[in-house]
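Notes for the structure review
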Amino acid sequence: MEKVLLFCDPGIDDSVAIMYALLHPGLDVVGIVTGYGNVTQEQATANAFYLLSLAGRSDIPVYAGAQFPLTGEIATYYPEIHGENGLGPIRPPIDLEGELLNFTDLFDLIISYPDDITIIDVGRLTSLSIAYILGEETMGRVKQVIVMGGAFFVPGNVSPVAEANFIGDPVAANLIMERARPLTVVPLNVTSYSVVTDEHIRAITDRYYNPFTPFIQPIYQYYATAYSALIPGLEGALFHDVLAVMALVHPEMFQMMKRDVSVSIAPLTRGQSVADFRPFAPEGELKIAVDFHYPTFIQSFIQVLRREL
């Protein structure tokens with residue numbers, strides 16, 4: 001089984017990515033790092049504990065990630081997309097308790113699985129960048145890093161040029177593009193086609209499969225309603241973060257190009273991801289997803305979320 005350390009900020013799509021990872025038979029989630037992003041770090045932590053409790057996986061350690069970006073700015077949250085608590089209409093129990101570990105404790109986790117952990121980061125890259133700042137030698141012991149972020153060939157979803165995770169902390173994003181190796185980037189130009197429709201959700205919720213089943217329809221509906229305003233004509237919602245998890249379990253479904261990437265911190269182009277895709281450009285060190293096989297995505301999405309725990 002592939003061991004996964006998941007950095008996230010749940011958020012509806014992050015939460016479904018957590019569900020997918022917990023349910024997938026080929027994945028062993030060995031830890032979760034919660035940071036700010038779609039919601040505050042505190043709310044992200046509460047949501048992670050709630051999802052783990054539903055799955056009966058309170059044994060999975062949760063680590064306290066960043067509360068604001070390396071730029072020092074006040075973070076922007078998106079209740080109109082994810083709801084006030086990050087799970088659409090769902091409110092996690094306020095009395096739910098769990099042990100939140102110190103951030104640096106994750107180095108002990110990595111050392112305990114040398115060269116065997118894949119880090120998947122589907123949120124702002126602040127926490128991951130801090131891990132490299134504090135313990136680059138230890139971070140060199142991870143098997144690989146996969147991030148959801150950036151946008152190539154397409155407009156951004158927060159600015160004309162930038163995707164949310166990169167613009168949220170472009171300093172951190174640039175550091176990860178420079179330091180994390182081996183690194184795979186699953187950007188907006190690919191995840192913008194990760195459409196899940198009403199029909200797919202009906203297939204996932206046609207009966208009770210696991211403790212997540214009752215929550216999938218209401219959070220999807222909230223998410224799809226938000227997307228109907230963001231992208232008129234879209235029939236469903238985009239589950240960007242699940243696609244990043246699939247980059248580990250279904251690498252064959254992606255078309256990749258190897259390039260180096262930098263992230264702009266200039267005000268007018270803040271968060272823009274830049275790579276040289278000219279025909280004569282040399283290969284770089286990073287893998288960038290440029291296309292994927294949609295039928296495999298949907299098949300795996302439905303099949304895994306229907307699994308019994």
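The numbers attached to residues start from 1 for each chain and follow its sequence in the written order. Reporting in this predicted model follows two pLDDT cut-offs: at least 70 for local features of residues, and 80 or more for side-chain atom pairs to be given and counted; totals over whole chains, interfaces and linings ignore these cut-offs and use all residues. Note: side-chain values were computed over all heavy atoms of the structure, leaving out hydrogens and water.

1. Examining empty space enclosed by the protein
Using protein atoms alone on a 1 Å grid, points that fit a 1.4 Å probe yet trap it form a cavity, whereas open point sets bounded by protein on both sides within 12 Å along at least five of seven lines form a pocket; residues with an atom within 4 Å of a point count as lining. Grid points are joined across faces, edges and corners, and a volume is the space filled by probe spheres set on the points. Within this structure, the stated rule accounts for three cavities of 30 Å³ or more. For the largest cavity, the calculated volume is near 50 Å³. Lining the largest cavity are Phe7, Cys8, Asp9, Val33, Gly35, Tyr36, Asp121, Gly123, Arg124 and Ser127. Of the residues in the lining of the largest cavity, the class split is four nonpolar, three polar and three charged. The computed volume of the second largest cavity comes to approximately 40 Å³. Every residue along the wall of the second largest cavity is listed here: Met19, Tyr50, Leu51, Leu54, Leu87, Ile90, Phe215 and Ile219. Strands here are runs of E lasting at least two residues and helices are runs of H or I lasting at least four, both read from the DSSP assignment and numbered beginning at the N terminus. Going through the elements one at a time, helix 2 (41–55) and helix 10 (213–230) are the ones with two or more residues in the lining of the second largest cavity. Each residue belonging to the lining of the second largest cavity can be placed in one class, and the counts come to eight nonpolar, no polar and no charged. Amino acids are sorted into nonpolar (Ala, Val, Leu, Ile, Met, Phe, Trp, Tyr, Cys and Pro), charged (Asp, Glu, Lys and Arg) and polar (every other residue, Gly among them).

2. Considerations on helix 10
Since the α-helix advances by 3.6 residues per turn, residues separated by three or four positions end up pointing in the same direction. An ideal rise of 1.5 Å per residue puts 26 Å on 18 residues; helix 10 measures up with 26 Å between its terminal C-alpha atoms. Partly exposed residues are those whose accessible area sits between 20% and 50% of the maximum for their type, while under 20% is buried and over 50% is exposed, using a 1.4 Å probe and protein chains only. Buried within helix 10 we find Thr213, Phe215, Ile216, Ile219, Tyr220, Tyr223, Ala224, Ala226 and Tyr227. Along the long axis of helix 10, the arc covered by the buried residues comes to 160°, so they all point the same way. Multiplying one less than the number of residues by 1.5 Å gives the expected span of a helix. Relevant arc is that of directions from the helix axis to the C-beta atoms, nothing else.

3. Topic: the environment of Gln41
Locating Gln41 in the fold gives a position in helix 2. Assessed through its relative accessible area of 5%, Gln41 is described here as buried. Spatially, the C-alpha atom of Gln41 lies 6.9 Å from that of Ala66, the residues being 25 residues apart in sequence. Polar contacts involving the side chain of Gln41 include one to the main-chain carbonyl oxygen of Thr34, which spans 3.4 Å. Between N or O atoms, a polar contact is any pair within 3.5 Å; within protein, one atom must be a potential hydrogen donor and the other a potential acceptor, and residues adjacent in sequence are included only when both atoms are from side chains.

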